[in-house]
Amino acid sequence: MNRFVTKRRQLLLAILILTILVFVSACQASTPNPEPPKGDYCNSSKQETLLPTQPASPLVTPGPQAEKPGATPILDPNLLSKRAGFGMANRADPEYWAGALESGWYLTWSVEKRSSGQIPEHWQTVRLGSNCMYPILSYSRWAAALYPGSVWIIGNEPDVIWQDNVTPEEFARLYHDAYQAIKAADPTARLAVGGISQGTPLRLAYLDRVLAEYQRLYHGVLPADWWTVHGYVLREQHQSWGVEIPPGFSNLQGVLREVKDHGRLDLFEEQIVAFRRWMANNGFRNTPLALTEFGILMPAKYGYPTDFVVQYLYNTFDWLQNIKDDQLGLPSDANHLVQRWAWFSLAYDLYPSPNLGNLATGELTPIGAAFRDYVIKNRP
């Protein structure tokens, strides 16, 4: 009898251990790996010529982590602007600079290990190339599962040959793959279409082909929780300064902007309205729009001194804050055309004209002070 009881207890113990092992294994399978997958970026061999006679260099190359310029402020989300953000081309302390600028969100054109609830809010970006993504898709899935609820921009200037440089047809396929993978890992993620460089007819034709290819391949409308666009005013001409011709197009020219046009407010506004009209015409009127890059890239010697850039920031912010259209705007946002915007950039040596801050001293430039002052004066 004792021998029978002992065997029974051993059997029950074995079943209990097996149950625990199965449970632990299931939990591990559903928990994101704490170590991210690794992969390499497929770099483009093309070099930019954004500005006349400028040296060739990548537009956004994050530099080394800057020293923290001072104590990180305690950020009050009720005081930070939910609309006005900034691009951070070089590594810096986002909390410090968000506090200095009174800004509630930023982007770095990369995927960061940040949760959607951290202040300021960071927008993730997946960069694209021919038949590739950076980071690799498995890393984005890992990050989406570990840091849910984020906005994910897929692509950055896919229409520019020295940025992501993909044809419209390539973009449609890569966007689909990224969208499906990230949404599967995190159903609360919000996916955004990567911004074209400017809302001109040639760039909108690029997006027409993206939508057509997506429909052809996947028999449905391209899904998007956000659209994004950039707000530069630059030349479209083959082998010239500006943003060249989009990949996959045989045109030799589009709009032929001059240096003096770069800071024209009427052209800036015209391109944003054109983009919103394109969205409405293609069934995306109820989708929010973020202007994820804009500013003055040209230096003072080209006719753009600091006082001009300060006034340009103030004027563009004021227009973006107030512009509404009952035919084109977002109905859930009182028909505002643009829901968020991000100035380029916090600090970047290649294009210092629009710098908001001095990373070495922790002080705002006159342009950064204008950013902060506008936000404070226009709090809801």
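For the structure, check the block above.
Residues numbered from 1 in each chain as written. Predicted model: local features only at pLDDT ≥ 70, side-chain atom pairs only at ≥ 80, totals over all residues. Heavy atoms only, no water.

Enquirer: I'm lost on the packing of aromatic side chains in this one. Help?
Expert: Any pair of aromatic rings gets described here by the distance separating the centres and the angle formed by the planes. All chains considered together, the criterion is met by 31 aromatic pairs. With a centroid separation of 6.2 Å and an interplanar angle of 70°, the aromatic rings of F268 and Y312 are classed as edge-to-face. Here F268, found in helix α6 (residues 265–281), pairs with Y312, found in helix α7 (residues 306–322); they are 44 residues apart in sequence, far enough to count as distant. Assigned by exposure class, F268 and Y312 land together as buried. Taken together, the ring pairs in this structure connect F268, F294, Y304, F308, Y312, Y314, F317, W319, W341, W343, F371 and Y374 into an aromatic cluster. We note R209 situated over the ring of F249; from NZ or CZ to the ring centre the distance is 4.6 Å. For the cation-ring pair, R340 lies above W105, with the distance from its terminal atom to the ring centre recorded as 5.4 Å. (Phe/Tyr/Trp six-rings, centres within 6.5 Å; stacked < 30°, edge-to-face > 60°. Helix = DSSP H or I, 4+ residues; strand = E, 2+ residues; numbered from the N terminus. Buried < 20%, exposed > 50% of the residue type's maximum accessible area, 1.4 Å probe, protein only. Lys NZ or Arg CZ within 6 Å of the ring centre and 35° of its normal.)

Enquirer: Explain the packing of α6 against α7 here, please?
Expert: What describes two packed helices is the angle between their axes and the distance between those same axes. Following both chains from N to C, one finds α6 and α7 inclined at 30°, their axes separated by 11 Å at the closest point. By the criterion of interaxial angle, the relationship of α6 to α7 is roughly parallel. As for the relative orientation of α6 and α7, their crossing is right-handed in sense. Contact residues: L265, F268, E269, I272 and V273 in α6; Y312, N315, T316, W319 and L320 in α7. Among the residues forming the contact of α6 with α7, the class breakdown is 7 nonpolar, 2 polar and 1 charged. (Axes fitted to C-alpha atoms, helices over the stretch in contact; angles between N-to-C directions. Parallel < 35°, antiparallel > 145°, perpendicular 65-115°, else oblique. Left-handed = near helix turned anticlockwise from the far one by under 90°. Contact = heavy atoms within 4.5 Å. Nonpolar A, V, L, I, M, F, W, Y, C, P; charged D, E, K, R; others polar.)

Enquirer: Got a minute to help me understand the pattern of salt bridges in this structure?
Expert: Opposite charge on two side chains makes pairing possible when the charged atoms of those side chains draw close. For the structure on display, the rule yields 16 salt bridges. Between R91 and E112 there is a salt bridge, and its shortest N-O distance comes to 2.3 Å. Taken together, the positions of R91 in the loop between β1 (84–87) and α2 (94–101) and E112 in the loop between β2 (105–107) and β3 (121–129) put the pair 21 residues apart, joining distant regions of the chain. Judged by relative accessible area, E112 falls into the buried class, the value being 16%. Linked through salt bridges whose partners overlap, the residues forming this network are E121, R190 and R340. (Salt bridge = Lys/Arg side-chain N within 4 Å of Asp/Glu carboxyl O.)

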